[in-house]
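Structure assessment
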Amino acid sequence: MSYEEIMLRAIQKAERFKHTAKPNPVVGAILLKNNEIISEGYHEKFGDNHAEINAMLNAEKFKGEKFNSFSELTLFCTLEPCSHEGKTQSCAKAIAKSGIKNIVIGAVDPNPKVSGKGIEILKKNNLNISIGVHQDLVKKQNKYFFYKHENNRPYVLVKIASSNDGKSHYNSNHRTYITSEKSRQDVQILRASFDAILTGGNTLRNDNPQMNARVDFDVNQPEKILLTNKQFSKESQFFDNSRVRVITSSNLIEIIDSFSSDDICSIFVEAGPKLVNSFLKSKIVDELIIYTSQKNLGKDSVPWFKEDNAIENYGFKLESSCKIENDLKQIFIRHE
């Protein structure tokens, strides 16, 4: 097997843990002797062992049977081994201590706490290092993690559900369901991939939302962020069994920038037209997803945008679209 084939296997198998490793990146590690896979390891859950440690622990079961010393093995890991010690030990130090002499790395870690420092530890311990095998796939797999550390702020996605005539809800305090059940389930899956869900006080008071990821697979539930400077009730189901961060500031740029040193790499915004438009005007939204139904709410309902071409005015271009039952799902990416 080639280096590319081994690395691709590690990337593909690591994908299974994308909902439980977050907000950490997903990482895979494989130990190889000659052309035989001795063991594999993956970062399965946030706060637990990293992939490299799991691969070495799994390899111990075959020591004396398939290999005699770790120096005989080559380690493949999708992301640079960590140098710092936090919730877990330093992977780079553990690798050096194990006696492994050859390592193949997919991509350098963009986190300033790690970037290059793990590789430096390995070099000081005379390991042979190859870097950059399928690095584009590793970056794509960990899109939000790389974005956060390359831009010093989390990736922001805004989702809206719109009627066919561009409306958000009836002009009342009653919750309005616009899209199909399948579209709403698609939103649950989207939520599961984000580190935090953000909404405003009006949505909390009018809709009493749960805003968790109601999915049929294991997931680290997103932290919740509530933006409001008005009173609210903590009896809302929004607070049930959830970590909620309440922010009273109205400066959205400062709010998003405040997460620069936080674990949160991605924020999913679900709010009403007022807060959504404030986010768009602040130009801190990286992606916009619109679910549009065929239902019309009429002239007495609340519009999402005042201008017909508001999305384009904010620098967004249509990336893709698909049908979900009778609804249209459109993904817009900001290119400015």
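For the structure given in this document, a descriptive report is provided here. Nothing here was measured: the structure is a model prediction, and the numbers come from that model.

1. Describing the packing of aromatic side chains
- Within this structure, the stated rule accounts for 10 aromatic pairs.
- Aromatic side chains F145 and F146 sit 6.2 Å apart centroid to centroid with 85° between the ring planes, which places their arrangement in the edge-to-face category.
- On the basis of relative accessible area, F145 is assigned to the buried category, the value being 8%.
- Look at F146 and you get buried, because its relative accessible area is 4%.

2. Some remarks on the pattern of salt bridges
- On inspection of all chains with the given rule, the structure shows 14 salt bridges.
- For E181, the salt bridge goes to R184, with nearest N and O atoms at 3.0 Å. Here R184 and E181 lie together in helix α8 (residues 181–192), a separation of three residues that amounts to about one turn.
- Classification of E181 by relative accessible area gives exposed; the value is 52%.
- With a shortest N-O distance of 2.8 Å, E223 and R245 are connected by a salt bridge. Remark: R245 occurs in strand β10 (residues 244–247) and E223 occurs in strand β9 (residues 223–227); sequence separation between them is 22 residues.
- In this structure E223 comes out as buried when scored by relative accessible area, which is 13%.

3. Details of the packing of helix α3 (residues 51–60) against helix α4 (residues 91–98)
- Contact pair α3 / α4: the axes reach a minimum separation of 9 Å and the direction vectors enclose 30°. By the angle class used here, α3 and α4 are roughly parallel. Two packed elements cross with a definite hand, and for α3 against α4 that hand is left-handed. Residues E52, I53 and M56 of α3 lie in contact with α4, whose contacting residues are C91, A94, I95 and S98.
- Tallied by class, residues from the contact of α3 with α4 come to five nonpolar, one polar and one charged.

4. Quick notes on the packing of α4 against helix α5 (residues 117–124)
- Taken N-terminus to C-terminus, the directions of α4 and α5 make an angle of 15°; their axes are 9 Å apart at the nearest point. The orientation of α4 with respect to α5, classified from their angle, is roughly parallel. With respect to the hand of their crossing, α4 and α5 are arranged in right-handed fashion. Here α4 contributes A92, K93 and I95 to the contact with α5, which in turn contributes G118, I121 and L122.
- Looking at side-chain class alone, the contact of α4 with α5 contains four nonpolar, one polar and one charged residues.

5. What to know about the side chain of T74
- Secondary-structure assignment places T74 in strand β3 (residues 74–79).
- A residue is classified by how much of its surface remains accessible, and T74, at 16% relative accessible area, is buried.
- Beyond its immediate sequence surroundings of up to four residues, T74 is in contact with I30, L31, L32, N102 and V104.

6. Re the pairing of strand β8 (residues 196–200)
- Of all five residues in β8, five are buried, a share of seventy percent or more.
- Side chains A196, L198 and G200 project from β8 onto one buried face, and the interleaved I197 and T199 project onto a second face that is buried too.
- Strand direction decides the pairing type here: β8 and β9, joined by five bridges, are parallel. Bridged to G200 within β9 is L227.
- When β8 meets strand β11 (residues 266–269), the two strands line up parallel, connected through three bridges. Note that in β11 the partner of L198 across the bridge is V269.

7. A closer look at the side chain of S293
- By the element assignment, S293 lies in the loop between β12 (287–292) and β13 (301–303).
- At 3.2 Å, the side chain of S293 and the backbone nitrogen of K295 are in polar contact.
- Sequence-distant contacts of S293, defined by excluding residues within four places in its chain, comprise S162, S163, N164, I178, T179 and D327.

8. Focus: the sheet that holds strand β15 (residues 327–334)
- In spatial order, the strands read β10-β9-β8-β11-β6-β12-β15-β14; together these eight strands make up an open sheet with mixed pairing. With partners counted over all chains shown, the strands left at the sheet margins are β10 and β14 (316–324), one partner each. Taking the axes of each pair of neighbouring strands and ignoring which way they run, one obtains an average angle of 20° across the sheet.
- Along the sheet, α8 contacts β6 (155–162), β8, β11, β12, β14 and β15; its crossing angle with β12, the most-contacted strand, is approximately 160°.

9. Considerations on the pairing of β14
- Judged from the eight bridges that link them, β14 and β15 form a sheet pairing that is antiparallel. The residue of β15 that forms the bridge with S320 is I331.
- In sequence, β14 turns back onto β15 through a hairpin of two residues, with E325 there showing a positive phi of about 55°.

10. Remarks on the nonpolar core
- In this structure, L31, M56, F70, I95, I100 and I103 are the most contacted members of the largest nonpolar core, which totals 66 residues.
- By size, the runner-up hydrophobic cluster in this structure holds 31 residues, among which are V156, I225, A271 and F332.

11. Some details on α8
- Along its 12 residues, α8 runs 17 Å from first to last C-alpha, staying within 8% of the 16 Å computed at 1.5 Å per residue.
- Inspection of α8 places S183, V187, Q188, L190, R191 and A192 among the buried residues, and these make up the whole buried set.

What counts, and where the lines are drawn
Residues numbered from 1 in each chain as written. Predicted model: local features only at pLDDT ≥ 70, side-chain atom pairs only at ≥ 80, totals over all residues. Heavy atoms only, no water. Phe/Tyr/Trp six-rings, centres within 6.5 Å; stacked < 30°, edge-to-face > 60°. Buried < 20%, exposed > 50% of the residue type's maximum accessible area, 1.4 Å probe, protein only. Salt bridge = Lys/Arg side-chain N within 4 Å of Asp/Glu carboxyl O. Helix = DSSP H or I, 4+ residues; strand = E, 2+ residues; numbered from the N terminus. Axes fitted to C-alpha atoms, helices over the stretch in contact; angles between N-to-C directions. Parallel < 35°, antiparallel > 145°, perpendicular 65-115°, else oblique. Left-handed = near helix turned anticlockwise from the far one by under 90°. Contact = heavy atoms within 4.5 Å. Nonpolar A, V, L, I, M, F, W, Y, C, P; charged D, E, K, R; others polar. Pairing = 2+ DSSP bridges. Polar contact = N/O pair within 3.5 Å; in protein donor to acceptor, adjacent residues only side chain to side chain. Core = buried A, V, L, I, M, F, W, Y, C linked by side-chain atoms within 4.5 Å. Expected span 1.5 Å × (residues − 1).

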